[in-house]
Amino acid sequence: MFVLGLPFLALLVASGDSHPGLLGPKNVSQKDAEFERTYVDEVNSELVNIYTFNHTVTRNRTEGVRVSVNVLNKQKGAPLLFVVRQKEAVVSFQVPLILRGLFQRKYLYQKVERTLCQPPTKNESEIQFFYVDVSTLSPVNTTYQLQVSRMDNFVLRTGEHFSFNTTAAQPQYFKYEFPEGVDSVIVKVTSNRAFPCSVISIQDVLCPVYDLDNNVAFIGMYQTMTKKAAITVQRKDFPSNSFYVVVVVKTEDQACGGSLPFYPFGEDEPVDQGHRQKTLSVLVSRAVTSEAYVSGMLFCLGIFLSFYLLTILLACWENWRQRKKTLLVTVDRACPESGHPRVLTDSFPGSSPYEGYNYGSFENCSGSTEGLVDSMDTGDLSCSYQDRSLDPVGTRPRLDSMSSVEEDDYDTLTDIESDKNVIRTKQYLYVADLARKDKRVLRKKYQIYFWNIATIAVFYALPVVQLVITYQTVVNVTGNQDICYYNFLCAHPLGNLSAFNNILSNLGYILLGLLFLLIILQREINHNRALLRNDLYALECGIPKHFGLFYAMGTALMMEGLLSACYHVCPNYTNFQFDTSFMYMIAGLCMLKLYQKRHPDINASAYSAYACLAVVIFFSVLGVVFGKGNTAFWIVFSVIHIIATLLLSIQLYYMGRWKLDSGVGRRIFHVLYTDCIRQCSGPLYTDRMVLLVMGNIINWSLAAYGLIMRPNDFASYLLAIGICNLLLYFAFYIIMKLRSGERIKLIPLLCIVCTSVVWGFALFFFFQGLSTWQKTPAESREHNRDCILLDFFDDHDIWHFLSSIAMFGSFLLSPNMANKGPSYGMSREVQSKIEKKYDEELEERLVEWIIVQCGPDVGRPDRGRLGFQVWLKNGVILSKLVNSLYPDGSKPVKVPENPPSMVFKQMEQVAQFLKAAEDYGVTKTDMFQTVDLFEGKDMAAVQRTLMALGSLAVTKNDGHYRGDPSWFMKKAQEHKREFTESQLQEGKHVIGLQMGSNRGASQAGMTGYGRPRQIIS
């Protein structure tokens, strides 16, 4: 309590002189006093003691002065008033000192110590006087002790620890002066004891200094503390280039998470708290320099811009490979006479590798890709199977308008009946062949995902930005650093932002999200160009390309970065959902994209999907506000969680054909009765049932955990549910690819491994827990840690770096894992039937012939289909084989001295063999395609081609065939007959038997009309 003590004392003395015996004392005792000496005196209502002190103040040296007072008489009603009069300040306090706590509780302190504020001087040296006046209104003598001492360690030094003791009535403060060249420092205060609760304040060098529990928050920056506190101070905020570090012990521990002491409410009497002393240590160290800010920003930009550079390099390399393959397309493409098509196993946008798929053997049908494309363009197909169009199933327009297609339009039985001819005749079945709905309609539907999330992002982000700016303004104006839960040991301010490094580290989400959008945009442009030129690879292979979900995922990643940065402007209990809302959306969109990969016709409406996500966010808010320790809330949420899991499982199992209506009870009873009671039958879709059972077990376990443990962080608990379901479905997706005989290509496999490793490291740094808003701000600061990267970034910043990279890698898996290769299910059955046609006995015969025909230098393959394929894969042996059937000097194929190692060179060698074999006389229907050998898709077709080649060699019998002639069937020879002109004229008068004949016809054995014919065995 600060008052103008000198005028008050003068008024009191003057009143005593005018009216003796009423208000003023009769005697004033003034004495010269000395430092470091204890004075024990008495005072009453008629006596005032005045102590005069003098000390030398220099301009370049700061010396602290501390006044200690202890009242030896414990009496009520008449405290002692101490007034310290200085040159430019007056401080007064009463003893016993009464401080108020929560609910206006009173706490009494008999011993009080205060540090005097030292007035500045402009002279090199100056002697200053100050006075300590002691008075009371008590009529009886009150004994007290007074000591004024100098503080040797009043000025803190950079990098040096200083320990001290303090209580609520004995606050401490110290002065710190910025050294030359130091623009910011960090003040760290530590203690071995959590309680009593204390407050750390940074105040400008002004008098008076607010150093009591009831006024420490009036000025400067402050934060509560248990064991650890840290405040970053910048020189620009203090014009005097110095500041005070004030340490105050609070009267109660409730602000630091402690319990309230017992307080008798029956009578309004102050409570003596006894000895609430705390030992603390203060350290002032240099904070990061401006060079650290620059290096931190350059590091952050360098990491994520390197992904842009890597993407450009990969695009250039891909373009180079595409140009190389253009040459192969020129060599391997069919000439007009042969019609042999070119097939590649791997392609980039802009090429058309799968151009010559056979939809059956049609004698009059040209195998030319150009002819097929022309037919598709004009709608006039020269080759047909009954009335069935040979257009890819996924590309046939089924709607005459752009109207929406609903799930009810998907008739499984009708679609299978109409498409069975393609399934029977097409060599390989792809997901696009199973797509029933118009691609244009689906593309429009998926674009709604992007526009909806863009709209949500704008309307969600604007009030969030406005709110966090308000939060930061309140922190800067009030100085209350308990509002925001920073890692104060590694919080680097910049401008008005208190923790710039936590905001900067979120830049990766935005940059990588933008890069993902650019990659998807380039893919869409290339895909649309391929569609314009009727590229069959773009038309058939992989899932139908709908990029709306990809755009929505990229936008969600960017918004996650923006909102996470907004959250870290002032992280606290009320704005945590800013950081998690788009995490829910990312998890939901990823699950939808995984489902769309194998179910191109079954897509959730964007409106219903975002509505479900809105319900999730609504429950998140309810859990954050009401879920802490609320049993009723957890019971309701667990029941809703289990019911929602069951309903979703039923929808997934029945592929959306199950509906919730009035007849659902009857249908459930019918299924249970027929499949479980009447006869025990297994599930129709075993794989899907296994996934759903595992999903229900995991979700029910999570619901039970939440109901029993009731975690305080409900938002993270809800996010864990979404992530667990996403990982479960992704694992099922991978398992089904492997079980269906599909290969995970090298690049996606490396992406999966690297992304998993990055996720592992990211989660390690995430669970370090540098702060938590589930506790009080003082308890949260106990988790604070120093910076670990470049002295600028902490563990949570590294989590931002790694998680953004991991999310980007996870997103890249979506367009790279399922855009090539056949689907599982029926395609797997077709491939299995093809593999069963392979004849191992025929393989032995062909191997013997090739060795005899080409010589022992070609070696001998391992037994089995795989060994045979590897033996012939590079095309060198096949080229030697066809060359051996020609005389010297007219070899059709140039055989390289060293076997080719590059993929396109090997495929080019195989293509040259096929061209030479066709010139030798092998018919087109007996020819295999490059992909059949190179990927081992149809080794039976390779055997058929070699058998046809051997049969031709045996039939020609031109001396170039080596081996046993009985190994191959000799082809039938042409026997051309010549007729004379007279024989041809005579034949014109003969009725062929195909026309019918009436010779020998009679009515013998005929029965009467109307009677059935009698058949007697």
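Please refer to the structure placed before this passage.
Residues numbered from 1 in each chain as written. Predicted model: local features only at pLDDT ≥ 70, side-chain atom pairs only at ≥ 80, totals over all residues. Heavy atoms only, no water.

Q: Explain the packing of aromatic side chains to me, please; I cannot follow it from the model alone.
A: What characterises a pair of aromatic rings is the spacing of the ring centres plus the angle enclosed by the ring planes. Per the stated rule, a full pass over the model turns up 56 aromatic pairs. Ring geometry for Y460 versus F582: centroids 6.1 Å apart, planes at 80 degrees, classification edge-to-face. Of the two residues, Y460 sits in helix α5 (residues 439-478) while F582 sits in helix α10 (residues 577-598), which places them 122 residues apart along the sequence. When its relative accessible area of 21% is taken as the criterion, Y460 is described as partly exposed. Grouped by ring-pair contacts, the aromatic residues F618, F619, F633, W634, F637, Y705, F714 and Y717 constitute a single cluster. Between the NZ or CZ atom of K593 and the centre of the ring of F550, over which it lies, the distance is 4.1 Å. When the ring centre of Y920 is taken as origin, the NZ or CZ atom of K956, which lies over that ring, is 3.6 Å away. (Phe/Tyr/Trp six-rings, centres within 6.5 Å; stacked < 30°, edge-to-face > 60°. Helix = DSSP H or I, 4+ residues; strand = E, 2+ residues; numbered from the N terminus. Buried < 20%, exposed > 50% of the residue type's maximum accessible area, 1.4 Å probe, protein only. Lys NZ or Arg CZ within 6 Å of the ring centre and 35° of its normal.)

Q: Honestly, the sheet that holds strand β13 (residues 172-177) in this entry has me stumped. Any pointers?
A: Where strands meet in a sheet, backbone hydrogen bonds hold them as pairs that are either parallel or antiparallel. Sheet architecture is open: four strands sit in the order β13-β18-β15-β16, paired in antiparallel fashion. Each edge of the open sheet is held by one strand with a lone partner, namely β13 and β16 (221-225). The mean angle between the axes of side-by-side strands here comes to 20 degrees, regardless of whether they run parallel or antiparallel. As judged from the five bridges shared by strand β15 (residues 198-204) and β16, these two strands associate in the antiparallel manner. When the bridges of β16 are listed, I200 appears paired with Q223. (Pairing = 2+ DSSP bridges. Axes fitted to C-alpha atoms, helices over the stretch in contact; angles between N-to-C directions.)

Q: In this structure, what is going on with the nonpolar core? I would like to understand it.
A: Proteins that are soluble and globular tend to have nonpolar side chains buried together. Grouped together as the largest cluster of nonpolar side chains are 93 residues, with contacts concentrated most on Y449 and L589. By size, the runner-up hydrophobic cluster in this structure holds 40 residues, among which are L878, V893, L946 and A948. (Core = buried A, V, L, I, M, F, W, Y, C linked by side-chain atoms within 4.5 Å.)

Q: Just checking my understanding: could you explain the state of the cysteines for this structure?
A: Disulfide: a covalent bond connecting the sulfur atoms of a pair of cysteines. A full pass over the atoms with the stated rule returns four disulfides. For C197, the disulfide goes to C256, at an S-S distance of 1.8 Å. Disulfide C197-C256: torsion about the S-S bond near 45 degrees, hence right-handed. With C197 in the loop between β14 (184-190) and β15 and C256 in the loop between β18 (242-249) and β19 (271-272), the pair connects residues that are 59 residues apart, well separated along the chain. In this structure C256 comes out as buried when scored by relative accessible area, which is 0%. Sulfur-sulfur distance for the disulfide between C484 and C570 comes to 1.8 Å. Across the S-S bond linking C484 and C570, the dihedral sits near -95 degrees, which makes this disulfide left-handed. Placement of C484 in the loop between α5 and α6 (500-504) and of C570 in the loop between α9 (548-569) and α10 is noted, with a sequence separation of 86 residues between them. This pair shows no difference in class: C484 is buried, exactly as C570 is. (Disulfide = S-S within 2.5 Å.)

Q: What's the story with a nonpolar patch on the surface in this structure? I'm lost.
A: Taken together, the side chains of I635, V639, I643, L647, Y705, L707, I708 and M709 present a nonpolar region at the surface, about 740 Å² in accessible area. Looking at the nonpolar patch, the elements with two or more residues in it are α12 (631-653) and α14 (686-709). By the secondary structure assignment, M709 is in helix α14. (Patch = residues over 30% accessible without salt bridge, like charges linked within 9 Å, V, L, I, M, F, W, Y side chains within 5 Å. Areas by Shrake-Rupley, 256 points an atom, 1.4 Å probe, with all protein chains shown as cover. Salt bridge = Lys/Arg side-chain N within 4 Å of Asp/Glu carboxyl O.)

Q: Can you help me understand the pattern of salt bridges in this one?
A: Opposite charge on two side chains lets them pair, provided their charged atoms get close. Tallying each qualifying case throughout the model produces 13 salt bridges. Between E848 and R860 there is a salt bridge; the shortest N-O distance is 2.9 Å. In this pair, E848 sits in helix α20 (residues 840-854) while R860 sits in the loop between α20 and α21 (865-872), placing the two residues twelve residues apart along the sequence. Using a relative accessible area of 53% as the deciding quantity, one classes R860 as exposed.

Q: I tried to follow empty space enclosed by the protein on my own but got confused; where do I start?
A: One pass over the structure, following the stated rule, counts eight cavities of 30 Å³ or more. Estimates place the volume of the second largest cavity at around 60 Å³. Lining the second largest cavity we find H55, E63, G64, V65, Q86, L116, C117, Q118, P119, Q128 and F130. Among the elements of the structure, β4 (64-71) and β10 (125-136) are those that each provide at least two residues to the lining of the second largest cavity. Each residue belonging to the lining of the second largest cavity can be placed in one class, and the counts come to five nonpolar, five polar and one charged. (1 Å grid on protein atoms, 1.4 Å probe; cavity = no way out; pocket = protein on both sides within 12 Å on 5 of 7 lines; lining within 4 Å. Points joined across faces, edges and corners; volume = space filled by probe spheres on them. Nonpolar A, V, L, I, M, F, W, Y, C, P; charged D, E, K, R; others polar.)

Q: Would you take a moment to explain the side chain of E843 for this structure?
A: Position of E843 among the secondary structure elements: in helix α20. Despite its burial, E843 pairs with no opposite charge, the nearest such side chain being R863 at 6.0 Å. Excluding residues within four positions of it along the chain, E843 makes contact with Y838, D862, R863, G864, R865, F868 and Q943. (Lys, Arg positive; Asp, Glu negative; His and termini not counted. Contact = heavy atoms within 4.5 Å.)

Q: Got a minute to help me understand the side chain of T755 in this structure?
A: As for its position among the elements, T755 is in helix α16 (residues 746-766). On the basis of relative accessible area, T755 is assigned to the buried category, the value being 8%. Aside from chain neighbours lying at most four places away, what touches T755 is A806, G809 and S810.

Q: How should I be thinking about the sheet that holds strand β9 (residues 111-116) in this particular structure?
A: The strand order β2-β11-β4-β9 describes an open sheet built from four strands, whose pairing is antiparallel. The sheet is open, and its two edges are formed by β2 (38-43) and β9, each paired on a single side. Pairwise comparison of adjacent strand axes, ignoring direction, gives a mean angle of 20 degrees for this sheet.

Q: It is not clear to me how α14 should be interpreted in this structure. Could you clarify?
A: What sets the pattern is the α-helix's 3.6 residues per turn: residues three or four places apart point alike. Under the 1.5 Å per step criterion, the end-to-end length of α14 is 34 Å for 24 residues, consistent within 8% with the ideal 34 Å. Buried residues of α14: R688, L691, L692, G695, N696, N699, L702, A703 and G706, and no others. Packed against the buried residues of α14 are α12 and α15 (714-739). R710 occupies a position one or two residues after α14 and carries a positive phi of about 50 degrees. (Expected span 1.5 Å × (residues − 1).)

Q: It is not clear to me how the packing of helix α7 (residues 507-532) against α9 should be interpreted in this structure. Could you clarify?
A: A pair of packed helices is captured by two measures, namely the crossing angle of their axes and the spacing between those axes. Across the interface, α7 lies against α9 with an axial gap of 7 Å and an inter-helix angle of 165 degrees. Looking at the two axes, α7 sits roughly antiparallel to α9. Considering how the two elements wind past one another, α7 and α9 form a crossing that is left-handed. In this structure, α7 contributes Y509, I510, L512, G513, L514, F516, L517, I520, L521 and E524 to the contact, and α9 contributes F550, Y551, M553, G554, T555, L557, M558, E560, G561 and L562. Residue classes in the contact of α7 with α9 are distributed as 14 nonpolar, four polar and two charged. (Parallel < 35°, antiparallel > 145°, perpendicular 65-115°, else oblique. Left-handed = near helix turned anticlockwise from the far one by under 90°.)

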